[in-house]
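For reference, the chains in residue letters:
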Amino acid sequence: MKKNKHSNIPIFLPELACPHQCVFCNQEKISGILSTPQPSDVQRITETYLGTMKEKRIVDIAFFGGSFTGIPVDLQEKYLKEAFKFIQKGLVSGIRISTRPDYIKQDNLDLLKKYGVTTIELGAQSTNNEVLNKSGRGHNFEAVKRASALILENGFQLGLQMMIGLPYDTFQRSLQTANDIAATGAQSTRIYPTVIIKETALEKLYNSGKYKPLSIEEAVLWAKELVKVFEKNKILILRIGLHPSEELVDGKSLIAGPFHPSFKEMVMSKIWNELIFKELENKNPDKVTFRINDKQLNYAVGFNGCNKRELTQRGIITRFTADSSLSKYQFDVSYN
Ligand code: SF4
């Protein structure tokens, strides 16, 4: 049976009442939203989105961009009430919120449950306490574990987001973070490379030479290994790379770091690069045809054709064809 596609109606509440100042964060600049939508805006935003959806989809209203459970309770309730009306009318199926691990208590969860929240995404960012500390997160890994367990016990879906290349992060630490996220029982994740945004503490650290961001090549190689961990553990990867907001794309807010609007494509291309060249190991073909799952075809050819180009440079004439009967990483090769 064909599954209905899933969509979020994102409502960004940038740094609303967030008393923290994580070294990397300037939510306004990341989300590209300079004024915070009010509860009275929820209806209009939701109706506008619903009006643009042509096919049947599973739709969630998603309060993202800040720490939802850090907002004063009466204001949380106002936002939730507006969103809940759409659930009651059968127009959306759930509500998602994002928040910090140390803002999850039973009281918060009771309120979220009352208004039909289905998924809670926590910014875990790292499970290494030194990385968390140097990034000014104000919580440790214990807080992530505690909050995750409580969320799952209360019957919510759990998402744990992670960042790579934070201060004091290493490849091993990021790999450990992915494995720890899998061990908590999270159903979904997002992988965000750390970039330096204007007017953040990270900008100062960078300018004084105390922080060096990952290069785009490093970030792609790290993320490729994390994708493997998450896929092995059947964790849904909702996003690889930052959302390309206008502020980031035109570079106005971006000081430095591995931002690329096609970051996911670059990561997936690397995964396919490994699969392809492993297949060709110890073989010396002049010609090769790969049959690839249709949704993976572009990744196999590579971002800007990079995998195909590498094959050509090695003197191999390559054809790629799509075959929807193949599963995600399954492929068929012929050498004539
Ligand atoms: S907790 Fe979230 S919203 Fe608050 S400063 Fe840190 S990243 Fe930004």
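Since we're looking at a predicted model, the values are computed, not measured.

Caption draft 1: Structural view of the overall build of the chain. A count of helical and extended segments in the chain gives 13 helices and 12 strands. Projected onto the principal axes, the alpha-carbon positions of the chain cover approximately 70 × 55 × 40 Å. Across the chain, every contact between residues at least 6 apart in sequence was considered, and the portion connecting residues at least 24 apart equals 78%.

Caption draft 2: Structural context of the nonpolar core. Of all hydrophobic cores here, the largest spans 78 residues; its most connected members are Ile11, Ile61, Ala223, Val267 and Ala300. There are two domains that each give this core at least three residues, and those are domain 1 (5-259) and domain 2 (268-334). Those residues within four positions of isoleucine 11 in sequence are excluded, and the remaining contacts are Pro37, Val42, Ile45, Ile61, Ala62 and Phe63.

Caption draft 3: Geometry of the sheet that holds strand 4 (residues 117-125). As summarised here, the arrangement of the 7 strands in space is 1-2-3-4-5-6-8, forming an open sheet in which the pairing is parallel. Of all strands in the sheet, those bounded by a partner on one side alone are strand 1 (5-12) and strand 8 (236-240). Across the sheet, the mean angle from the axis of one strand to that of its neighbour is 25°, orientation sign disregarded. Pairing of strand 1 with strand 2 (residues 57-64) involves 8 bridges; the strand directions are parallel. The residue bridging phenylalanine 12 from the neighbouring strand is phenylalanine 64, located in strand 2.

Caption draft 4: Spatial organisation of the pairing of strand 3 (residues 94-99). With 5 of its 6 residues buried, strand 3 lies for the most part within the structure. Taken together, the 4 bridges between strand 2 and strand 3 define a ladder with parallel strand orientation. Bridging across to strand 3, phenylalanine 63 finds its partner in isoleucine 97. Following the chain from strand 3 across helix 4 (residues 106-114) to the adjacent parallel strand 4, one finds a crossover that is right-handed.

Caption draft 5: Representation of the sheet that holds strand 11 (residues 317-322) in the model. With mixed pairing, the 3 strands of this open sheet are ordered in space as 11-10-12. In the strand order of this sheet, the two ends are held by strand 11 and strand 12 (331-334), each with one partner. Taking the axes of each pair of neighbouring strands and ignoring which way they run, one obtains an average angle of 20° across the sheet. Taken together, the 4 bridges between strand 10 (residues 287-292) and strand 12 define a ladder with antiparallel strand orientation. Paired with isoleucine 292 across the strands is phenylalanine 331, a residue of strand 12.

Caption draft 6: Quick peek at the environment of alanine 149. Structurally, the position occupied by alanine 149 is in helix 6 (residues 141-153). Since 14 C-beta atoms lie within 10 Å of it, alanine 149 is described here as partly exposed. On a C-alpha basis, the gap between alanine 149 and phenylalanine 171 in space is 26 Å, while along the polypeptide they are 22 residues apart.

Caption draft 7: Quick peek at the domain arrangement of the chain. Once the domains are mapped, the chain shows domain 1 (5-259) and domain 2 (268-334). Measuring from the centre of the C-alpha atoms in domain 1 to the corresponding centre in domain 2 gives 34 Å.

Caption draft 8: Up close: helix 4. If you check which residues of helix 4 are buried, you get Asn108, Leu109 and Leu112. An end-on view of helix 4 places all buried positions within 95° of arc, on one side of the element. Turned more than 90 degrees off the buried face of helix 4, the exposed positions are Gln106, Asp107, Asp110 and Lys114. Close packing links the buried residues of helix 4 with strand 3, strand 4 and helix 6. Directly beyond the C-terminal end of helix 4, a positive phi value near 80° is found at glycine 116.

Caption draft 9: Representation of unusual backbone geometry in the model. At lysine 234, a position not held by glycine, the phi torsion is positive, near 60°. Assignment of secondary structure puts lysine 234 in the loop between helix 9 (216-232) and strand 8. C-beta crowding within 10 Å serves as the criterion here: with 8 such atoms nearby, lysine 234 is assigned to the exposed category. A positive phi angle, near 55°, is found at asparagine 304, a position not held by glycine.

What counts as what
Just so you know, the residues in each chain are numbered from 1, in the order the chain's sequence is written. Note on the predicted model: pLDDT of at least 70 is required for a residue's local features to be given, and 80 or more for side-chain atom pairs to be given and counted; whole-chain, interface and lining totals, by contrast, use all residues. Numbering of helices and strands runs from the N terminus, with a helix taken as a DSSP run of H or I at least four residues long and a strand as a DSSP run of E at least two residues long. Residues are scored as being in contact if the C-beta atoms we place from backbone atoms lie within 7 Å. Put simply, a nonpolar core is a cluster of buried Ala, Val, Leu, Ile, Met, Phe, Trp, Tyr and Cys residues tied together by C-beta atoms within 7 Å. Using C-beta atoms placed from the backbone, we call a residue buried if 20 or more other C-beta atoms fall within 10 Å of its own, exposed if 12 or fewer do, and partly exposed for counts in between. An automatic or database domain assignment supplies the start and end points of every domain. A pair of strands is treated as paired once DSSP finds two or more bridges between them. Interaxial angle, 0 to 180 degrees, is taken between N-to-C directions of lines fitted to C-alpha atoms, where a helix line uses only the stretch in contact. Whether a crossover is right-handed depends on one test, that the path from the first strand over the helix to the second runs clockwise when the strands point away from the viewer. What the arc covers is the set of directions going from the helix axis to the C-beta atoms.

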